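This is what each chain is made of:
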Amino acid sequence: MTDYADGTVVDGVTYHQHDVVIVGAGGAGMRAAIEAGPKARTAVISKLYPTRSHTGAAQGGMAAALANVEEDNWEWHTFDTIKGGDYLVDQDAAEILAKEAIDAVYDLENMGLPFNRTPEGKIDQRRFGGHTRDHGKAPVRRACYAADRTGHMILQTLYQNCVKHGINFFNEYYVLDLVMVEVDGVKRPSAVVAYELATGDLHVFQGKSIIFATGGFGKIFKTTSNAHTLTGDGVGIIWRKGLPLEDMEFFQFHPTGLAGLGILLSEAARGEGAILRNSEGERFMERYAPTIKDLAPRDIVARCMATEIREGRGGGPNKDYVYLDITHLEPAVIDAKLPDITEFARTYLGVEPYTEPVPVLPTAHYAMGGIPTNVAAEVLSDNTTVVPGLYAAGECACVSVHGSNRLGTNSLLDINVFGKRAGNNAVEYALTAEFIPLPDDPAKPIRELVEMLRTSNGTERMSTMRKELQDSMDRNAQVYRTETSLVEVTKVIENLRGRYKNVMVQDKGKRFNTDLLEAIELGFLLDLAEVLVYSALYRKESRGGHFREDFPTRDDENYMVHTMAYLTGDAHSEDAGDHIKLETKPVVVTRYQPMERKY
Amino acid sequence: MSTATVNSPPAPAEAPIPTFTVTMMVRRFNPEVDEEPRWQDFDVELYPTDRVLDALHKIKWEQDGSLTFRRSCAHGVCGSDAMRINGRNRLACKTLMKDLDITKPVYVEAIKGLPLEKYLVVDMEPFFASYREVQPFLQASSKPEKERIQSAEQRARFDDTTKCILCAACTSSCPVFWTDGQYFGPAAIVNAHRFIFDSRDEASSVRLDILNDKEGVWRCRTTFNCSEACPRGIQVTQAIAEVKQAIMFGKR
C-alpha cells in the first residue's frame, strides 16, 4: 500500500492526487465540478472534449414547475414523474427532483443559459409528453427551453462556468478501471485508472471522493439516438468491480427517431403541436391516449407506433415507419422553436418538414437503470449500504427518479439536480476524508489488458461482432420482447463472448489508438447488453419501457420491485447464469399508490 | 410467438437498396510509422444515404483500423469531426456522399492551422486556449432570486452565435489563422460576441479590449471562409464585423 505525490511517474504510469475526481464531462459531471471545483482540488476526466458530450444532443427542454406561463406546481410534476415511470419510481427521489428543479433552472439562467423568453422576459415554457396539469387533466407548459438545442445550451453554459472557475480537465483520457481497496472490511474507492488517448500512457488518479458521471450505453442497440462514444464504460467498470446494477431491463425507445438513422427528433415537435400519422393519414394516438394523444409518455407512443406498423399501417415502400407531421405549423414558428430538427430532416432524409411529413421510427435513447444511488448520489453496494466516497449522477446512475420510463425533459433536470448533489456531497466528504492508500501497481490490470489487445494476433473483427450484437438487440430486446426473443439474444452474446477473446486490433501504435479503444468499448457493451437481457428475462410482466408480449400486463403483486443485478463470477465467462445473480429492492412509495396508467 | 420488432430485417422479396463504390483519398499520417503525410486511396461501397463519416468508418472497420479521426454524435451537434472534404471544411457526419461528386475520388484531410497528430486528428488545445482567452462566460454582478429578465428581442440579438459547437471548422478555414498562429480566430470571436451582445452581461468592455489587441479582431480580412465553413449556419463574418463596430462605436 502506497501513495504517490501528484505528478510522480513510476514505470511509465503518472500518478495524480485530487480531493475530488469526476469521471465524465457531460451535464452531470460538469454540474458537479462547478460545486466541487471552487472548494477543493478537483479533476474532471473525460474521454471526449467536454463540449462533445452527449448532453449537447438533448433538444426539447428541462422540466420545472416555474408556472411562468400557466398554473403549475412541483407536486403535479412529482406525480407525473411517478406515473410516467409506471410506479417504479422511488417517490422520495421524484419529489426531490421536482422540488429542486425550480432552483436548478434558475441556477442555469443565472450562469448565463439563454433560455427562450416570454413576452414579459421570463423563461418561456412549453408542453412535453406526460407532463400534465392537476394529475393528468391536460398537458401543461413545464419544459424550459432554448429553441430545440436546450442540451447544447446546458452543456455550453456548464463548460463556460467550468472555464470561469478554472476547473482542471483531462480531456481524451479514457477511464478504464476503478481501484477499490478494502479498509476495515469495507471496499472503498481509492483511484481511477485512465488511458491517455494522445500517448497511450496510463494515469492513476487518486481521489478522496470519486464521482461517476459517465452517461449511457445506447450503442448496445443498432438504431439509437446515442453517440458512437456512448458505450457505457463507467457503468461497465462499476459492474466489473462487483457492485450491483439496478433496473437494467428498462431502456427507453424514443418514438421519433429519423427513420433508418435513429437521429433524434425532439418530442418538443409534438409539444408545439406536431401529430403522428399512419399511412392512412390517421392521427392514431387519439385511439390509444384520448386525453393527451400525441403527448402520451414515450414508452406508450413508441409501442403504439410499433403496433401501427405491425398491423400494416406503416408508411413508405416497405410500410416500416410512421409520419411526424408538422406541416400545419407556421414556418416562422418552426424556425423559431424547432430549427435544428427540421434541419436534420432536410439534411439526412431530404424531406422538407414545412410541406412533407417526416418518416420516424422508435430509437434507443436512454437507460433508466444503472448504478444504484441514494438521493445523496452515493453509490450503493446493496439495497441500502453506501460505498463511502463513491458517487454517481446522470444517466449512468439509477436514483431512481425515472422508474421504468423517463419523462421527456426529466433527464436534463436529473443531471442538474443530482449532478449538483453529487458535487456538493463529494466535496463535503473529501474535505474531511483521507486518501485511501493505493495497492501496489494499481494500473497493472489495465496495462495488461491494453498490451494484450495491442499485441494480439486476433482475427475477429470488432465491428462485425458489434454489429451482430446491435442487430440482435434491435431484433430481440427492443420495444417488444418475449422469452424466446430474449433467449435468442443471450445466445448471441454467449457466442460473441467466446469470439471476443480473439478480437482483432489492427493499429499496433500507442498514439491516438482509437482502434484499441473501440475493442475495449465492445467489451463493456457486451457486459451491459448481457445484464440488460438477463434482467429482462427475469421480469415476467410489462411495465414502462419493458414490454413482454408473453406477459403483457403490469404485475404489481410480483414485480413492483427494482431489479438488482450482481456479478458473482467471471464477468467474461460465456454463460450469463454462471456469473449474474438477480435480487430485488423495494420501491419507495410515499403518497402515490399504483394506479392503472391511462392518458 | 413472433419476435418481430419495428426493426425487423426487410422481407426477402424486397429489392435490395442500390449501392455504389467511391474512391476515398485520405491524407494518411501515422506518426509512429510515416515520415510525412501522404494520400492513400480506399475503395468503399456505400449507400446513397451514407455520410462521409460512414465512409471513414467503413474504411476503419473493414480495411485499415489505424485510420484515425474524432467523432461522437454523428449528426452535427457535438463538433468532433470537422475535416477538409474536397478542400472545404465540413463536418463528416453532416456531409452526404450523394451531395459530393462521387465520379471522382473524394479527398479527406485534417483541418489546417492546428498541429497534425495522426491522420485526421489535430491538436485542439491552441483552439480552446483562444476560446478561453475571451472570457466566454456570463459576468453579471446581480444575484436575482429567480431568473434575470430579458426580452425576446434582447435574447434574439445574440441567438446566432449561441449555436456554436466549437468544431473549429471556421477558425481552421481562415487564411489569417493559417499563417499567423497568434490570431484568436473566428470561433473565439463568435463566442465573445455571444456575451458582448447578451443584455445580462456586464463585461463586454473587457472582452472588447481583449479583441482590440493586435492578435484580435483586426486581423480579420473578411474573406468569408468562416461563414461558408460553419456547419451551424452562423453568420461568422457578420459577427466579427459587429464586434469590430462595437470596438469603434460602442455596442448597439
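Because the structure is predicted, anything quoted here is derived from the model rather than measured.

Participant: Any details on the nonpolar core? Residues and values, ideally.
Facilitator: Counting residues in each nonpolar core, the largest one holds 127 residues, and the members touching the most others are Met 24, Val 26, Val 52, Leu 56, Met 97 and Leu 211 of chain B. Once residues lying within four places of it in the same chain are set aside, the contact partners of Leu 56 of chain B are Val 26, Leu 67, Phe 69, Met 83, Ala 92, Val 108 and Leu 120 of chain B.

Participant: Mind laying out a nonpolar patch on the surface, listing which residues take part and the relevant values?
Facilitator: A surface patch of nonpolar side chains, about 350 Å² in accessible area, is lined by Trp 218, Met 248 and Phe 249 of chain B. Here Met 248 of chain B lies in helix H8 (residues 236–249).

Participant: I'd like a description of helix H2 (residues 125–133) of chain B, backed by residues and values.
Facilitator: Those residues of H2 of chain B not exposed but buried are Phe 127, Phe 128, Ser 130 and Tyr 131 of chain B. The arc enclosing the buried residues of H2 of chain B, seen along the axis, measures out at 155 degrees, which places them on a common side. Buried residues belonging to H2 of chain B abut helix H4 (150–164) of chain A together with helix H5 (186–196) of chain B. Backbone geometry just downstream of H2 of chain B places Gln 135 of chain B in the positive-phi region, at approximately 55 degrees.

Participant: So, empty space enclosed by the protein: which residues are in play, and what are the values?
Facilitator: For the structure shown, the criterion picks out 10 cavities of 30 Å³ or more. Taken as a whole, the second largest cavity encloses approximately 220 Å³ of empty space. Lining the second largest cavity are 20 residues, and of these Tyr 174 and Thr 514 of chain A together with Phe 69, Arg 70 and Arg 71 of chain B sit closest to its centre. Here the element with the most residues in the lining of the second largest cavity is helix H15 (residues 514–538) of chain A; it accounts for four residues. Here the lining of the second largest cavity is composed, by residue class, of eight nonpolar, four polar and eight charged.

Participant: How would you explain the sheet that holds strand S6 (residues 138–144) of chain A if you had to name every residue and give the values?
Facilitator: Residues and elements named next belong to chain A. Spatial strand order, S4-S6-S5: three strands in an open sheet with antiparallel pairing. Looking at the sheet topology across the chains shown, the edges are occupied by strand S4 (62–63) and strand S5 (125–133). The pairing of S5 with S6 spans five bridges and is antiparallel. Each residue of the ladder has a partner; that of Gln 125, found in S6, is Cys 144.

Participant: Pulling in residues and values, what's your account of the interface of chain A and chain B?
Facilitator: At the interface, 74 residues of chain A touch 72 residues of chain B. For the chain A and chain B pair, buried surface summed over both sides reaches about 6200 Å², with 49% attributable to carbon and sulfur atoms. Per-residue buried area on chain A facing chain B is highest for Arg 52, His 228 and Tyr 348 of chain A; these three make up 12% of the total on that side. The tally of links from chain A across to chain B stands at eight salt bridges. For the salt bridge of Arg 149 of chain A with Asp 159 of chain B, the shortest nitrogen-to-oxygen distance reads 3.0 Å. For the pair chain A and chain B, the interface holds 41 residue pairs in polar contact (both at pLDDT 80 or more). Within the residue set of the side of chain A that touches chain B, elements represented by two or more residues are helix H3 (91–111), H4, helix H8 (298–310), helix H10 (339–349), strand S15 (358–367), helix H13 (462–476), helix H14 (483–500) and H15 of chain A. Here the side of chain A that touches chain B gets seven residues from one element, more than from any other, and that element is H4 of chain A. For the side of chain A that touches chain B, the residue count by class is 25 nonpolar, 27 polar and 22 charged.

Participant: So what's going on with H3 of chain A? Which residues, and what values?
Facilitator: All names here are of chain A. Taking 1.5 Å as the rise per residue, H3 with 21 residues should run 30 Å; its terminal C-alpha atoms sit 30 Å apart, in good agreement. Its axis deflected by about 40 degrees at Ala 101, H3 carries its strongest bend there. For H3, the buried fraction is high: 17 of the 21 residues fall into the buried class. Following H3 by one or two positions, Gly 112 has its phi on the positive side, about 125 degrees.

Participant: So what about the pattern of salt bridges? Which residues, and what values?
Facilitator: Scanning all chains against the criterion turns up 76 salt bridges over all chains. One salt bridge in this structure joins Asp 556 of chain A and Arg 543 of chain A, with 2.9 Å as the shortest N-O distance. One end of the pair, Asp 556 of chain A, is in helix H16 (residues 556–559); the other, Arg 543 of chain A, is in the loop between H15 and H16, and 13 residues separate them in sequence. Look at Asp 556 of chain A and you get partly exposed, because its relative accessible area is 30%. For Arg 543 of chain A, a relative accessible area of 1% corresponds to the buried category. Between Glu 242 of chain B and Arg 157 of chain B there is a salt bridge, with its nearest N and O atoms 3.3 Å apart.

Participant: So what about the sheet that holds strand S11 (residues 245–246) of chain A? Which residues, and what values?
Facilitator: Residues and elements named next belong to chain A. Spatially, the three strands line up as an open sheet ordered S11-S20-S21, and their pairing is antiparallel. If you trace the sheet from one side to the other, it starts and ends with S11 and strand S21 (580–586), each paired once. As judged from the seven bridges shared by strand S20 (residues 561–567) and S21, these two strands associate in the antiparallel manner. Paired with Tyr 566 across the strands is Lys 581, a residue of S21. Taken strand by strand, helix H5 (residues 233–240) contacts S11, S20 and S21, and its axis lies near 70 degrees from that of S20. Strands S11, S20 and S21 of the sheet are contacted by H15, whose axis makes an angle of about 60 degrees with S21.

Participant: Provide a residue-level description of the packing of helix H2 (residues 74–84) of chain A against H3 of chain A, including the pertinent values.
Facilitator: Residue and element names in this part refer to chain A. Where H2 contacts H3, the axes come no closer than 8 Å and their chain directions differ by 135 degrees. One element, H2, and the other, H3, form an angle in the oblique class. Crossing hand, H2 versus H3: right-handed. Facing H2, whose interface residues are Trp 74, His 77, Thr 78, Thr 81 and Ile 82, H3 presents Gln 91, Ala 94, Glu 95, Leu 97, Ala 98, Lys 99, Ala 101 and Ile 102.

Participant: How would you summarise the packing of aromatic side chains if you had to cite specific residues and measurements?
Facilitator: Tallied over the full model, the rule gives 21 aromatic pairs over all chains. A connected cluster of aromatic rings, assembled from ring pairs, spans Tyr 49, Tyr 159 and Phe 169 of chain A together with Phe 127, Phe 128 and Tyr 131 of chain B. Over the face of the ring belonging to Tyr 480 of chain A we find Arg 310 of chain A, whose NZ or CZ atom lies 4.0 Å from the ring centre. Seen from the ring of Trp 61 of chain B, Arg 466 of chain A lies directly overhead, with NZ or CZ sitting 4.4 Å from the centre.

Participant: Describe the side chain of Arg 270 of chain A, and please don't skip the residues or the numbers.
Facilitator: All names here are of chain A. Checked against the element boundaries, Arg 270 lands in helix H6 (residues 268–271). Nearest to the buried, unbridged Arg 270 among oppositely charged side chains is Glu 267, at 4.2 Å. Sequence-distant contacts of Arg 270, defined by excluding residues within four places in its chain, comprise His 254, Pro 255, Thr 256, Leu 276, Asp 294, Leu 295, Ala 296, Val 301 and Leu 324.

Participant: Any chance you could break down the environment of Ala 110 of chain B for me, citing the residues and the numbers?
Facilitator: All names here are of chain B. Mapped onto the fold, Ala 110 is located in the loop between strand S5 (106–109) and strand S6 (116–118). Judged by relative accessible area, which is 10%, Ala 110 ranks as buried. For Ala 110, the residues in contact, after removing those within four places along its chain, are Arg 84, Leu 116, Tyr 119, Leu 120 and Val 122.

Participant: An account of the state of the cysteines is requested, with residue identities and associated values reported.
Facilitator: Residues and elements named next belong to chain A. All told, the structure shown has zero disulfides over all chains when counted by the stated rule. With no disulfide of its own, Cys 162 has Cys 396 as its nearest cysteine by sulfur position, at a separation of 17 Å. Its relative accessible area of 0% is what places Cys 162 among the buried residues.

Participant: I'd like a rundown of the environment of Arg 554 of chain A, residues and numbers included.
Facilitator: Residue and element names in this part refer to chain A. Along the chain, the position of Arg 554 falls in the loop between H15 and H16. It is 45 Å that separates the C-alpha atoms of Arg 554 and Thr 459, two residues lying 95 residues apart in sequence. Side-chain polar atoms of Arg 554 contact the side chain of Asp 556, separated by 3.1 Å.

Participant: Run through the pairing of strand S1 (residues 20–28) of chain B, naming residues and quoting values.
Facilitator: Working note: regular strand, side chains alternate between the two faces of the sheet. All names here are of chain B. Alignment of S1 against strand S2 (residues 38–46), held across nine bridges, turns out to be antiparallel. By the bridge assignment, Thr 23 is partnered in S2 with Asp 43. In terms of strand pairing, S1 meets S5 through three bridges, oriented parallel. Pairing of Met 24 across the sheet is with Val 106, part of S5.

Reading guide: rules and limits
Residues numbered from 1 in each chain as written. Chains lettered and ligands numbered in written order. Predicted model: local features only at pLDDT ≥ 70, side-chain atom pairs only at ≥ 80, totals over all residues. Heavy atoms only, no water. Core = buried A, V, L, I, M, F, W, Y, C linked by side-chain atoms within 4.5 Å. Buried < 20%, exposed > 50% of the residue type's maximum accessible area, 1.4 Å probe, protein only. Contact = heavy atoms within 4.5 Å. Patch = residues over 30% accessible without salt bridge, like charges linked within 9 Å, V, L, I, M, F, W, Y side chains within 5 Å. Areas by Shrake-Rupley, 256 points an atom, 1.4 Å probe, with all protein chains shown as cover. Salt bridge = Lys/Arg side-chain N within 4 Å of Asp/Glu carboxyl O. Helix = DSSP H or I, 4+ residues; strand = E, 2+ residues; numbered from the N terminus. Arc of directions from axis to C-beta. 1 Å grid on protein atoms, 1.4 Å probe; cavity = no way out; pocket = protein on both sides within 12 Å on 5 of 7 lines; lining within 4 Å. Points joined across faces, edges and corners; volume = space filled by probe spheres on them. Nonpolar A, V, L, I, M, F, W, Y, C, P; charged D, E, K, R; others polar. Pairing = 2+ DSSP bridges. Buried area = accessible area lost by both parts, 1.4 Å probe. Polar contact = N/O pair within 3.5 Å; in protein donor to acceptor, adjacent residues only side chain to side chain. Expected span 1.5 Å × (residues − 1). Bend = angle between axes of the 7 residues up to and from the residue. Axes fitted to C-alpha atoms, helices over the stretch in contact; angles between N-to-C directions. Parallel < 35°, antiparallel > 145°, perpendicular 65-115°, else oblique. Left-handed = near helix turned anticlockwise from the far one by under 90°. Phe/Tyr/Trp six-rings, centres within 6.5 Å; stacked < 30°, edge-to-face > 60°. Lys NZ or Arg CZ within 6 Å of the ring centre and 35° of its normal. Lys, Arg positive; Asp, Glu negative; His and termini not counted. Disulfide = S-S within 2.5 Å.

The values are spatial; any link to function lies outside them.
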